[in-house]
Amino acid sequence: MVPAVRAVELLGYFQDYQLTWSFLLDQLVTGVTLGSLYGLIALGYSMVYGILKLLNFAHGEVFMVGGYIGYYVLTWLGGATDPKLPIGIVIALMFATAMLGAGGLGVAIERFAYRPLRRKRAPRIAPLISALGVSFCLQQLAVILFGSPPKQYDSFAFDGGSFFEPITIGPFRIQRMQLFVIVLGVVLMALLTVFVARTQTGRAMRATSFDIEAASMMGIDVDRVIVVTFLIGSMLAGAAGVMWGLMFQNISATVGFQVGLIAFTAAVVGGIGSLPGAMLGGLAIGLGQSFAIGYVSSAYQNVTVFVILILFLLLRPSGIFGVPAPQKV
Amino acid sequence: MSDVPPLPPDAEQSESSGPRIGADEWVARSGERSAHAGLVGRVSASYERVPKAAVFAFFVVLAAMVPLLSAQTANDQYFLRVGTVALLFALLALGLNVAVGFAGLLDLGYIAYYGVGAYGFAMLSSDKFGIHWQAWLVIPLVVVVSALLGFLLALPSRRLVGDYLAIVTLFFGQIFYIVVTQGYRVSLLGLNNDLGLDRANWDLTGGPNGIANVDRFNFFGLTASSERAYFYVTLVAVVVVFAALSLANRSRTGRAWRALHDDALAAQAMSMPVNWLKLLAIGLGAAVAALAGTINAALLQGAFPDDYNTQVLIIIYAMVILGGAGNLVGAVVGALVVEVLMLEGLRPQTPLSDWTSSGRWVVYGGILLVLVATIRPWRRLGAILAGVVAFGVAVHLIVAATTAHGADGLLNTGPVSYGDGGWLGWLIRHWLALPADTYATGTRAPFNAALVLLIVLVLVLTLLHGWARDLLMIPTIWLAGFVWETRLVLEASGPTRLLLLGAILIVVMTARPQGLLGKPRVEVV
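None of the values given here were measured: they were computed from a predicted structure.

J.: What exactly am I supposed to notice about the overall build of chain A here?
T.: Scanning chain A from terminus to terminus reveals 12 helices and 4 strands. For chain A, whose C-alpha radius of gyration is 21 Å, the value lies close to the compact-globule estimate of 20 Å for 329 residues. Structurally, chain A occupies a C-alpha span of about 65 × 60 × 40 Å along its principal axes. Across the 329 residues that make up chain A, the buried fraction comes to 50%. Of all intrachain contacts in chain A linking residues separated by at least 6 positions in sequence, the fraction that spans at least 24 positions is 77%.

Structural data, given as structure tokens:
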């Protein structure tokens, strides 16, 4: 059969609504929203990997715990339907508590699971297995403490549902909640960029990620830098957890593992260890996933992410922003 | 091989901080020292003189006699099934050991090869597609396909550091699960009709329901149909794989794997084909996993997606890590211990957990074992245990005196009654203050808080030293018993087991990275 005819027949596979411009733009907006969430989580993976060369499997669970903390603060303040305080304050409190709680959890994980191994100069595989154990333990602990059915945020009920009404900006239709997620994500990333670029601690972080031994010889307190890295990364993940809950209405014990896996892929695609890479990788994965949901099937969204990962590993293993690292002996 | 001689005084001091200087010389002389060291030394010395093959044969004969033993009990079928599953896990642990233990590669897609084996067998010999090939044909085919899949998967990440392999393989395990659960409505871009296929949607894997009515193993007209037959089939597989892997471990390739494990860059500099070695380790592991998968499919007469998810992967990892990565005996022992004690012993209402009183003795025994192994001298351990009992009884009396129903729940010990055990029975019933029917009233919050407090206490314990730690250990152990009886035992078959397995990974990696049976690595500085 003639290829052109074949292509036209392939178009017949799509539904009519899938071939409109507005559907395409909707997928774009969804992808950017997802991407900013993944980017926030990917930053934590990337920062920790940059400094410790450790794949912190437990980071996805920190995100999940942030989501649960947000849920319990919301419930404690009266729930979405009948909040005791103005909505803005409720949401701000949710974010503040979740970020503090997640940050504390991240620091505790570093202190009790990774630092003892670092002290012992364990082989490279040891902290990875430990990280896998921490991730699994937190997941099961969440099932025991919070139950296995997902917790409902009910954020549709906020302010009579106006958070999910679409508004129009140029050609784009965007829900206020999506706009909120994107803006907050960009603000947090910008704050992080300024922190790393401008402050003394940020400079210490960059030096440590460049060469941890040389940094400690230059008088940098490497342990403190590592704690700060875990704290910031986990706070971002905690914020992302609340954003996830607000966006998708619910949070469950297993969501952290799935989202964490995708966010780590985003960090790899962007170039692990690079902060703009993590953000851009998150965006790329978010867009890929949203187009896969829109045009292929929601069941195979993770397969799409996996294909992107494999393609990057084959064609550009160091990622979008990564520099191929020379092996040092 | 399990006896680690005591450290010399100088090594003991330097152990806690950094590498042990001079430890390599000391290890080199450990053999001659242990030959002269008391009764244990003499016994282990005479054990060393027995040929390894004879020891191996002895344990194989011992395992082969298990069905004779279980036939004497009332629950013959149950014990045979537990034995078969334990051996199946031993097979899986042996296979995982190739990548993780020998070559030091974190293969997190291992569970997918297990699933490929099971689904491959199920597709090629069941009513699903009406294909009923014999097992002698299907098993080699599936094993080879799985090994090739392992090769293919490791290919894109072969040039990169190990962490990329971890993420690619972990993702692959997830994808396998998705593909299997979604594989009941495969449509090739909706073009099935154009391609001359009879249906719009293909059902390849049965989706969430899996594939049922899978054939039993069928070798040249002989059909393995009883529990006993599968026990022996699995035992033979374990023996063959164990022997093959221990030969492989001693071969040129095995030495190369160990070199790769210790330092990939140095191994490459020694002109070892590093990439090929990695692929070989992953592929060999995948082949063993697929073999286990075919056995599982024939045993269950079906392939179901939830037998091949991440939880099972973590279970296999806990087995390998507990036994000691890189140690074949360790992998088998780890698998047997975890399956029999933690998976079956904690599952409620089985003949086995009746013996362990719903897993209670497994947990208390485990705590006691850890205390015995870590606390020296003996009188300190005795003081702590006496303190725990005294503390518990005191709390019980105070709670009983001050509240109405706070201490109503005495230990419910399953079939065993401690109603009349003299003072010992009284202590067992009264060392915990358990409120009656905690779950019936729906109160979870205080016990959840107790669980979180327990975790915090255990973490704080790792920071303390000396008498402060001994003192804090008393309420911690008591709280562990309290949390177990009030909260964890009720979900022992689900998240609690998995929580304990995950904790094994962390604790073993922090406290004893070589596992129960491994020898400590010697860092030569």
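There is more to say after this.
J.: Help me understand the packing of helix H11 (residues 227-250) of chain B against helix H14 (residues 274-300) of chain B, please; the structure alone is not making it clear to me.
T.: Helix packing geometry: the angle between the two helix axes and the distance between the axes. Residue and element names in this part refer to chain B. The contact between H11 and H14 brings their axes to 11 Å, and the two run at 175°. One finds that H11 runs roughly antiparallel with respect to H14. The residues of H14 that touch H11, namely those facing Tyr 230, Val 233, Thr 234, Ala 237 and Val 241, are Val 288, Leu 291, Ile 295 and Leu 299. Looking at the contact of H11 with H14 residue by residue, the class counts come to 8 nonpolar, 1 polar and no charged.

J.: Looking at this structure, how should I read unusual backbone geometry?
T.: Among all residues except glycine, the phi angle is most often negative; among peptide bonds, the trans geometry is most common. A positive phi angle, near 75°, is found at A:Gln249, a position not held by glycine. Residue position: A:Gln249 is located in the loop between helix H9 (222-248) and strand S4 (250-251). Looking at A:Gln249, the number of C-beta atoms within 10 Å reads 17, which means it is partly exposed. Of note, the phi angle at B:Gln301 is positive, near 55°, even though the residue is not glycine.

J.: What should I look at first to understand the interface of chain A and chain B in this one?
T.: Quoted interface sizes are often the accessible area lost when the parts come together. Facing 41 residues of chain A, the contacting portion of chain B comprises 40 residues. Contributing elements (two or more residues each) for the side of chain A that touches chain B: helix H4 (87-120), helix H5 (125-146), helix H10 (255-270) and helix H12 (301-315) of chain A. No other element matches the 15 residues that H5(A) contributes to the side of chain A that touches chain B. Partitioned by chemical class, the residues of the side of chain A that touches chain B number 33 nonpolar, 6 polar and 2 charged.

J.: Just checking my understanding: could you explain the packing of helix H3 (residues 59-76) of chain A against H10(A) for this structure?
T.: Residues and elements named next belong to chain A. Two elements in contact, H3 and H10, have axes separated by 7 Å at closest approach and are oriented at 130°. Considering the angle they form, H3 stands oblique to H10. With respect to the hand of their crossing, H3 and H10 are arranged in right-handed fashion. Contacts from His 59, Gly 60, Glu 61, Phe 63 and Met 64 of H3 reach H10 at Val 255, Gly 256, Phe 257, Val 259, Gly 260, Leu 261 and Ala 263. Considered class by class, the residues forming the contact of H3 with H10 number 7 nonpolar, 4 polar and 1 charged.

J.: Explain helix H8 (residues 110-124) of chain B to me, please; I cannot follow it from the model alone.
T.: Helical geometry: 3.6 residues make up each α-helical turn, so side chains three or four residues apart lie on a common side. Over its 15 residues, H8(B) extends 22 Å from the first C-alpha to the last, a length consistent with the 21 Å expected when each residue adds 1.5 Å. A large share of H8(B) lies buried, amounting to 15 of its 15 residues.

J.: Whenever I open this one, the nonpolar core confuses me. Can you help?
T.: Proteins that are soluble and globular tend to have nonpolar side chains buried together. All names here are of chain B. With 241 residues, the main nonpolar core has Leu 91 and Ala 93 as its most contacted residues. Shared between two domains, this core takes at least three residues from each, and those domains are domain 2 (95-308) and domain 3 (375-486). Setting aside anything within four residues of it in sequence, one finds Ala 93 in contact with Ile 316, Met 319, Val 320, Ala 331, Val 332, Gly 334 and Ala 335.

J.: Can you walk me through the pairing of strand S3 (residues 172-175) of chain A in this structure?
T.: Two faces, one strand: in a regular strand the side chains alternate between the faces of the sheet. Residues and elements named next belong to chain A. Where strand S2 (residues 166-169) and S3 come together, 4 bridges link them in antiparallel fashion. Counterpart to Pro 166 in the pairing with S3 is Gln 175. Adjacent in sequence and paired antiparallel, S2 and S3 are bridged by 2 residues, among which Gly 170 carries a positive phi angle near 60°.

J.: Whenever I open this one, the environment of B:Ile211 confuses me. Can you help?
T.: All names here are of chain B. Secondary-structure assignment places Ile 211 in strand S1 (residues 211-212). On a C-alpha basis, the gap between Ile 211 and Ala 54 in space is 42 Å, while along the polypeptide they are 157 residues apart. Sequence-distant contacts of Ile 211, defined by excluding residues within four places in its chain, comprise Ala 122, Ser 126, Lys 128, Thr 205, Gly 206, Gly 302 and Ala 303.

J.: What's the story with the confidence of the model for chain B in this structure? I'm lost.
T.: Regions with low pLDDT should not have their predicted coordinates read in detail. All names here are of chain B. Per-chain confidence: chain B averages 81 in pLDDT, with 82% of residues scoring 70 or above. Low pLDDT (under 50) marks residues 11-15, which in the prediction has 8 contacts with non-local residues, meaning those over four places away or in another chain. Listed scores for the predicted complex are pTM 0.87 and ipTM 0.87.

J.: Can you help me understand H12(A) in this one?
T.: Residue and element names in this part refer to chain A. The end-to-end C-alpha separation of H12 is 21 Å, in line with the 21 Å expected for 15 residues at 1.5 Å each. Inspection of H12 places Gln 301, Val 305, Phe 306, Ile 308, Leu 309, Phe 312 and Leu 313 among the buried residues, and these make up the whole buried set. Looking straight down H12, one finds that the buried residues subtend no more than 155° of arc, so they occupy a single side. Across from the buried face of H12, at angles greater than 90 degrees, the exposed residues are Leu 311, Leu 314 and Leu 315.

J.: Can you help me understand the environment of B:Gly323 in this one?
T.: Residues and elements named next belong to chain B. By the secondary structure assignment, Gly 323 is in helix H15 (residues 310-323). For Gly 323, a count of 29 C-beta atoms within 10 Å puts it in the buried group. Setting aside its immediate chain neighbours within four residues, Gly 323 contacts Gly 330, Ala 331, Val 333, Gly 334, Gly 515, Leu 516 and Leu 517.

J.: Explain the environment of B:Val233 here, please?
T.: All names here are of chain B. Secondary-structure assignment places Val 233 in helix H11. Residue Val 233 is classed as partly exposed on the basis of its C-beta count, with 19 C-beta atoms lying within 10 Å. Spatially, the C-alpha atom of Val 233 lies 9.4 Å from that of Phe 217, the residues being 16 residues apart in sequence. Once residues lying within four places of it in the same chain are set aside, the contact partners of Val 233 are Phe 217, Ala 224 and Ile 295.

Thresholds applied
- Counting from 1, residues in each chain are numbered in the order their sequence is written.
- Starting at A for chains and at 1 for ligands, labels are handed out in the order in which the entities are written.
- At least 70 in pLDDT is required for a residue's local features to be given in this predicted model, at least 80 for side-chain atom pairs to be given and counted, and no such filter applies to totals for whole chains, interfaces and linings, which use all residues.
- Only runs of H or I of at least four residues qualify as helices and only runs of E of at least two qualify as strands under DSSP, and these elements are numbered from the N terminus.
- Note on method: radius of gyration uses C-alpha positions; expected globular size equals 2.2 Å times residues raised to 0.38.
- Neighbour counting defines burial: a residue surrounded by 20 or more other C-beta atoms within 10 Å of its own C-beta is buried, one with 12 or fewer is exposed, and intermediate counts give partly exposed, using backbone-placed C-beta atoms.
- Contact between two residues is assigned whenever their backbone-derived C-beta positions fall within 7 Å.
- Between the N-to-C directions of two axes lies an angle of 0 to 180 degrees, each axis being a line fitted to C-alpha atoms and, for a helix, fitted only over the stretch in contact.
- Any angle that falls under 35 degrees is termed roughly parallel, while one over 145 is termed roughly antiparallel, one within 65 to 115 roughly perpendicular, and all others oblique.
- Polar here means any residue outside two lists: the nonpolar Ala, Val, Leu, Ile, Met, Phe, Trp, Tyr, Cys and Pro, and the charged Asp, Glu, Lys and Arg; Gly therefore counts as polar.
- Crossing handedness: left-handed means the near helix sits turned counterclockwise from the far one by under a right angle, and right-handed means the same turn made clockwise.
- Expected helix span is computed as 1.5 Å times (number of residues minus one).
- Definition of nonpolar core: a set of buried Ala, Val, Leu, Ile, Met, Phe, Trp, Tyr and Cys residues joined via C-beta atoms within 7 Å.
- Each domain's extent is set by a domain assignment, obtained either automatically or from a database.
- Paired strands, in this sense, are two strands between which DSSP finds at least two bridges.
- Per-residue confidence from the prediction method is given by pLDDT, with values spanning 0 to 100.
- This arc describes the spread of directions from the helix axis toward the C-beta atoms.

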